[in-house]
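What the coordinates show
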Amino acid sequence: MADKYIIKTRIQKVLLHVFLLLLVCIILFPVCWLVLNSLKTNQEMFLNSLALPKKWMFVNYATAWGKGLFFYFKNSVIVSAISIFFILLLSSMLAYGLTRFQLPGGTFVFFLILGGMALSEQVALVPLYKILQALKLYNTRLALILPYIAFRIPFTMFLMRAYFISIPKELEEAAIVDGCNSFQRFTRIILPISKPVLASCAIVNLNNVWNEFLFANVFLENKKLMTIPLGLMTFQGDLKSDYVVMLAGILIASLPMVLLFLCMSKQFVRGLTAGAVKG
Amino acid sequence: MKKKKNLAPYAYVIPGLLMVLGFVYIPIIVNLVYSFFRLSSYSASMKFVGLDNFRRLFTNETFPIMIRNNVYYCVISLICQVGFGTFLAFMLESNLIGDRFKTVCRNIYFIPALVSLTAVGMMFNFIYNPQMGLLNTMLKHFGFVSLQQTWLGDRNLAIFCIIAMSQWQFTGYITLLMVVAFQNVSRDYIEAAVIDGAGPVRRAWNIVLPLAKEQLLVCSIITVIGAFKLFTEVYSTTVGGPGNSSQVLGLFLYQNAFLHDDMGMAAATGVLIFIITVTASIFQLKVSHSGEV
Amino acid sequence: MTRKFKKALSLGMAAIMTLGLTACGGSSDSTATTAAGGAATTADASAPAASGDTKVIKLFHRFPDDPCNGFIESKIAEYESLHPEIKFEVTSAQNQPYKEKIKVVVGSDECPDIFFSFCGEFSERFIREGLLLDLTPYMEADQEWKDSLMESQMKEYTTADGMVYGIPFRLDAKEFFYNKDIFTKLGLEAPQTWDQFIEVLDKIKESGMDPIAEGNQDKWPSAHYIGALNEQLVTDETRAADYNPKSGEFTDPGYAEALEKYQQLVSYMNIGVNGMTHDMARLGFTQGQNAILFGELVEITNIKQENPDLNWGMFKFPEIEGAKGNMNLVSGAPEGFAVSSKTKYPDECVEFLKWFLGAETGAQQAEQVGWFNASKGLDKTLTDESLKSAYDVIANAEKMDIWFDNALYSTVCDEYLTQISDITNGDVTPTDAMAKIQKVAKEAQSLAQ
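These numbers come from a predicted model, not from an experiment.

The rules behind each value
Residues numbered from 1 in each chain as written. Chains lettered and ligands numbered in written order. Predicted model: local features only at pLDDT ≥ 70, side-chain atom pairs only at ≥ 80, totals over all residues. Heavy atoms only, no water. Helix = DSSP H or I, 4+ residues; strand = E, 2+ residues; numbered from the N terminus. Buried < 20%, exposed > 50% of the residue type's maximum accessible area, 1.4 Å probe, protein only. Areas by Shrake-Rupley, 256 points an atom, 1.4 Å probe, with all protein chains shown as cover. Contact = heavy atoms within 4.5 Å. Buried area = accessible area lost by both parts, 1.4 Å probe. Salt bridge = Lys/Arg side-chain N within 4 Å of Asp/Glu carboxyl O. Polar contact = N/O pair within 3.5 Å; in protein donor to acceptor, adjacent residues only side chain to side chain. Nonpolar A, V, L, I, M, F, W, Y, C, P; charged D, E, K, R; others polar. Core = buried A, V, L, I, M, F, W, Y, C linked by side-chain atoms within 4.5 Å. Domains from an automatic or database assignment. Pairing = 2+ DSSP bridges. Axes fitted to C-alpha atoms, helices over the stretch in contact; angles between N-to-C directions. Phe/Tyr/Trp six-rings, centres within 6.5 Å; stacked < 30°, edge-to-face > 60°. Lys NZ or Arg CZ within 6 Å of the ring centre and 35° of its normal. pLDDT = per-residue confidence, 0-100. Expected span 1.5 Å × (residues − 1). Disulfide = S-S within 2.5 Å. Parallel < 35°, antiparallel > 145°, perpendicular 65-115°, else oblique. Left-handed = near helix turned anticlockwise from the far one by under 90°.

1. Brief notes about the overall build of chain B
If you tally the helices and strands in chain B, you get 13 helices and two strands. Here chain B holds 293 residues, and 63% of them are scored as buried. Of the accessible surface of chain B, which amounts to about 11100 Å², a share of 68% is contributed by carbon and sulfur atoms.

2. Things to note about the interface of chain A and chain B
Opposite the 98 residues of chain A that make contact, chain B presents 95 residues. Here chain A packs against chain B, burying approximately 8600 Å² in sum over the two surfaces, 79% of which is carbon and sulfur. Linking chain A with chain B are one salt bridge. Connecting chain A to chain B are 16 residue pairs in polar contact (both at pLDDT 80 or more). Ranked by residue count, the leading element in the side of chain A that touches chain B is helix α1 (residues 2-37) of chain A, at 20 residues. Looking at the side of chain A that touches chain B residue by residue, the classes come out as 75 nonpolar, 18 polar and five charged.

3. Overview of the nonpolar core
Ranked by internal contacts, the top residues of the largest apolar core, which has 345 residues, are Phe219(A), Phe126(B), Phe250(C), Ile292(C), Phe352(C), Phe372(C) and Tyr416(C). Residue contributions to this core peak at 17 residues, all from helix α6 (residues 142-166) of chain A. Each of domain 1 (3-13 + 174-331 + 409-447) and domain 2 (22-172 + 333-401) of chain C gives at least three residues to this core.

4. Details of the sheet that holds strand β5 (residues 174-179) of chain C
Residues and elements named next belong to chain C. Ordered in space as β6-β7-β5-β8, the four strands form an open sheet in which the pairing is mixed. Where the open sheet ends on each side, the last strands, each with one partner, are β6 (212-213) and β8 (312-315). Across two bridges, β6 lies against strand β7 (residues 292-296) in parallel orientation. Each bridged residue has a counterpart across the sheet, and for Ala213 the counterpart in β7 is Leu293. Helix α10 (residues 194-206) rests against β5, β6, β7 and β8 of the sheet, and its axis sits at about 125° to β7.

5. Brief notes about the interface of chain B and chain C
Frequently, the measure chosen for interface size is the accessible area that the parts lose on association. The interface is formed by 41 residues belonging to chain B together with 42 residues belonging to chain C. Of the roughly 3600 Å² buried between chain B and chain C on both sides combined, carbon and sulfur atoms contribute 61%. Where chain B meets chain C, there are three salt bridges. With its nearest N and O atoms 3.2 Å apart, the salt bridge here joins Asp261(B) to Arg125(C). Applying the counting rule to chain B against chain C returns 10 residue pairs in polar contact (both at pLDDT 80 or more). Looking at the side of chain B that touches chain C, the elements with two or more residues in it are α1 (2-34), α5 (117-127), α12 (249-258) and α13 (263-287) of chain B. Among the elements that line the side of chain B that touches chain C, the one with the most residues is α1(B), at seven residues.

6. Describing the packing of aromatic side chains
Counting across every chain of the model gives 77 aromatic pairs over all chains. With a centroid separation of 4.8 Å and an interplanar angle of 35°, the aromatic rings of Tyr96(A) and Phe186(A) are classed as tilted. Residue Tyr96(A) is located in helix α3 (residues 59-100), and its partner Phe186(A) is located in helix α8 (residues 182-193); the two are separated by 90 residues in the primary sequence. Side by side, Tyr96(A) and Phe186(A) carry an identical accessibility label, which is buried. Taking NZ or CZ as reference, Arg161(A) lies 4.0 Å from the ring centre of Phe110(A), over its face. Between Arg170(C) and the ring centre of Trp371(C), over which it is positioned, the NZ or CZ distance is 4.4 Å.

7. A few points about the confidence of the model for chain C
All names here are of chain C. On average, residues of chain C carry a pLDDT of 84, and 88% of them reach 70 or more. Of all the helices and strands in chain C, helix α1 (residues 2-36) carries the lowest mean pLDDT, 38, while β6 carries the highest, 96. Residue range residues 1-51 is modelled with pLDDT below 50. Its contacts to residues more than four positions away, or to other chains, number 46 contacts. The complex prediction reports pTM at 0.86, with the ipTM value standing at 0.85.

8. A short note on the sheet that holds strand β2 (residues 86-92) of chain C
Residue and element names in this part refer to chain C. Taken in spatial order, the five strands of this open sheet run β2-β1-β3-β10-β4, and their pairing is mixed. Only two strands of the sheet have a single partner each, and these edge strands are β2 and β4 (167-170). Averaged over all pairs of adjacent strands, the angle between their axes in this sheet comes to 35°, without regard to strand direction. In the sheet, strand β1 (residues 55-61) pairs with β2 via seven bridges, with the strands oriented parallel. In the strand pairing of β2, Val56 is matched with Lys87. Most of the contacts of helix α3 (residues 68-82) go to β2, to which it runs at about 170°, and overall it touches β1, β2 and β4.

9. A word on helix α5 (residues 121-128) of chain C
Residue and element names in this part refer to chain C. Counting buried positions over the eight residues of α5 gives six, a clear majority of the element. Looking at α5, one finds that the buried residues are Glu121, Phe122, Ser123, Arg125, Phe126 and Ile127. Those residues of α5 hidden inside the fold are in contact with α4 (95-106), β3 (114-118), α19 (404-407) and α20 (410-425). Directly beyond the C-terminal end of α5, a positive phi value near 70° is found at Gly130.

10. Examining the pattern of salt bridges
Applying the stated criterion across every chain yields a total of 26 salt bridges over all chains. Residues joined in a network through salt bridges with shared partners are Arg38(B), Asp52(B) and Arg55(B).

11. What about the pairing of β8(C)?
Residues and elements named next belong to chain C. Side chains Trp312 and Met314 of β8 all project onto a buried face; the interleaved residues Gly313 and Phe315 project onto the opposite face, where all are buried too. Bridge analysis of β5 against β8 gives four bridges, and the strand direction is antiparallel. Residue Phe176 lies in a different strand from β8, and its bridge partner there is Phe315.

12. Let's talk about the domain arrangement of chain C
Residue and element names in this part refer to chain C. The assigned domain composition of chain C is domain 1 (3-13 + 174-331 + 409-447) and domain 2 (22-172 + 333-401). Measuring from the centre of the C-alpha atoms in domain 1 to the corresponding centre in domain 2 gives 28 Å. Across the boundary between the two partners, domain 1 contributes 20 residues, which contact 20 residues of domain 2. For the pair domain 1 and domain 2, the two sides together bury roughly 1700 Å², of which 55% comes from carbon and sulfur. Looking at the side of domain 1 facing domain 2, the largest losses of area belong to Leu297, Val298 and Val330, adding up to 32% of the total buried there. One salt bridge in this structure joins Asp384 and Lys304, with 2.5 Å as the shortest N-O distance. The tally of links between domain 1 and domain 2 comes to nine residue pairs in polar contact (both at pLDDT 80 or more). Elements with a minimum of two residues in the side of domain 1 that touches domain 2: α11 (220-233), α15 (300-306), β8 and β9 (329-331). Counted by class, the side of domain 1 that touches domain 2 contains nine nonpolar, five polar and six charged residues.

13. Considering α20(C)
Since the α-helix packs 3.6 residues into each turn, any two residues three or four apart lie on the same face. With 16 residues, α20(C) extends 23 Å between its outermost C-alpha atoms, agreeing within 8% with the 22 Å of an ideal straight helix rising 1.5 Å per residue. Positioned one or two residues after α20(C), Gly426(C) has a phi angle of 70°, which is positive.

14. Overview of the state of the cysteines
Scanning the entire structure with this criterion turns up zero disulfides over all chains. Here Cys219(B) stays unpaired: no disulfide links it, and the sulfur of Cys80(B), its closest cysteine neighbor, is 13 Å away.

15. Focus: the environment of Cys201(A)
Residue and element names in this part refer to chain A. Along the chain, Cys201 falls in helix α9 (residues 195-211). A C-alpha to C-alpha distance of 14 Å links Cys201 and Leu260, two positions 59 residues apart in sequence. Dropping the residues within four chain positions of it, Cys201 is found in contact with Leu88, Thr156, Leu159 and Met160.

16. Quick look at the packing of helix α3 (residues 63-93) of chain B against helix α4 (residues 99-114) of chain B
All names here are of chain B. Taken N-terminus to C-terminus, the directions of α3 and α4 make an angle of 160°; their axes are 10 Å apart at the nearest point. It follows from the interaxial angle that α3 and α4 lie roughly antiparallel. At the point where α3 passes α4, the crossing takes the left-handed sense. Across the interface between the two elements, Leu88, Leu92 and Glu93 from α3 touch Lys102, Cys105, Arg106 and Tyr109 from α4. Considered class by class, the residues forming the contact of α3 with α4 number four nonpolar, no polar and three charged.

17. A few points about the packing of α3(A) against α9(A)
All names here are of chain A. At a minimum axis separation of 9 Å, α3 and α9 run at an interaxial angle of 140°. Considering their axes alone, α3 and α9 lie oblique with respect to each other. Once α3 is placed against α9, the crossing between them reads as right-handed. Within the contact between the two elements, α3 uses Phe73, Ser76, Val77, Val79, Ser80, Ser83, Ile84, Ile87 and Leu88 and α9 uses Leu198, Cys201, Ala202, Asn205, Leu206, Val209 and Trp210.

Structure representation (structure tokens):
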């Protein structure tokens, strides 16, 4: 009986491992194929995409980098950093205000902002474009930053609110006794204790903002302001695309987020766990 | 002094609220207004046309195709990303596999979600390419030449190719979110559910899932909303082709606004997307009986 | 829950209405703060803030790839050094995004002073809104300049009322390119008539090769076949009436016939036409996997780059015997620059274009980029044989017929391209396709008013 049970678990175990490894292959195999082809010439890739390159064309990566990837990176970093900062700041303030004070209409405000989660960017696209033009913001970085902040606040506030509710009130009560005002309580107690949720909100939003395409495509025109997703599209020429360089560009552009995640995955998961819905 | 104290709480709420109102709600209301006008991006004139934009939208030959494609995307994503993703999370949380292996798998599954949509679109353009793409080359290599397809160039396959690409990208994302939710559920429940020979599936269904219900709800809402605002995936691969076979609402909106100078039609499409996503969200909230969120 | 939500919603509406103005004010406040943080970098900000006499001219083009982009940049730098009072701000985008972007900016205050614009309907809709500068008076004032440009090309940048609105930057036409080695090996000659063409295609196919390389993922490449076929199968008058959005009907049977002829060609193309881009398919031609390519003259540069050893030639679109249309047209169009009617410096812009699109710059452009502009007599300076023959194609053309996809009104064009794409896959019959196009053309009549 016990033997049977052990054998059964062992079989289960093997099957499970095989299954999970198979999925790993499905994810990684196309990527490896792309890496392989990014090291060939266009002709080689076209004639046989499975063959090994005759000569490893690492120069493709240099060419891709030289095509302005650096500037797209810079733009993405600037736009993301400012957006993330304000998303976190405004959302945490909102969550704090909504969880720590009995505001008249607080529930209404909560639902109003939460409703923003269901509203898609497309619906706002045309008017936003006209509004940004009227505000003279079209084709500036702010044209991206402001909508990014606004559209990311609802989800972020939602995550933070759950976390803030779970913070024991006693901590703040002690601070009140010490004579801290609400702002001091916010900056000295709530924010430090919320680091995990702030971190995971930052990563979720960073991923969104870093990869955003629709707004960037419509609100920017200047090549010098383009972010990575947009810049990558310029690799696709009209009558001529340098495919291998394009592949190299895609791979370079994808790397930072992946590396960031791999380095921080522990903190990320912990933060998400702590701040998960119904924390 | 006293007055100042009363105002303080508002100071926390107002900046964020104004941002959301200014850049989310106002544009959406303006969009509603636009949907009753004919206007173009480069001309200043606006002409009131009543419901004509909606009539043109609903009678457009592409309309049923778009709805069909968005619904396909939505249903398949729910099954694969939310359904299979949750199942996968469940497998990962079972104690049959080591922690290290589990973390590695989980992280690898999540990686595609970190790559930008345009990059993934461009990558899959290569994978689906009929001449040198991975799929056809592999088929040829293993002697299944007759199974070779045009993939993105095939009317009947194009939208499914795009959907498959999204599943590749986002299943791991949902898996990670669900892993997180399961970790909040007491470990005992999961172990009990996995080990016990007598219907582990049923136990999981009955015990663990209800505990992670909130997270599941959020995941499915995100997925449904995502399905109806689908844009970049199509824009970076087929741009609606071949013919109109992979046209979707989001792309239709974009093309009308910025290619056909028909901002009114675009706005009407926007209103439709708005109605669908909001209805779907409210519906799911109701079904889950968790109005309090 | 629902009642609460409803109440919340209606309250929200009211709140938004009242807050509307405040919100806008608030947002521009935050603008100021972030701008101080160094976030706001507009294109204008980098320019010296209207210091003294500097005239800033914004130029927007669609050639972001080298060598062309580099060529434009170097020429502009050269011009700036010759005219210190003028400063350029150049932006560029790829073809498809460009088409979307230019429409967005052209009507706004951010409109570039000089910008790339396709001839035909693409530009004419801007003219209908009064957004393009009338260049006719400048041409009249400078007869020498006017005479230095090829009439057949300038005609394409002139409206029916005689308004000149653009100057060509590069000339282009569509020709069949063929692999001479394959043709010799199979004992074939460049065909002149449609029947000969089909015969040639059959022979190549018998040898086990897909004769034509084509990729139609972007939808425009196949439209060029239809444009060329329409020229021969439909009379000029009928086409002129149909290509005009206000009178377009597309009821002539020649249009369906053109689709049929195209369908015939599709059977000779490589697999997966709709699943590939044109340039990807071109690799099939340059790598010797296909024998024929329907390509543009501007692609010669690319062909040489992809395979310098390829032994290729060109032939004209074969003549369909007994067709009622015009056999002497060459499909293609000049592509050039227009000036915004809103520009503060119309004279400076025109002066620049005279130089930038003139003979001297044109000769360098032909040499460095492999494209030539509309200045007469460029062939004298050309050294490359293939470019010379390309130049002859255009110089000998009695009349051009502009790109099919630029000739049509945007919704009609979209429908036409969609149908051609479906025809390519064999998902629709030519007659049904035309019926759908006719319907959209009818709707366009009211939209274009």
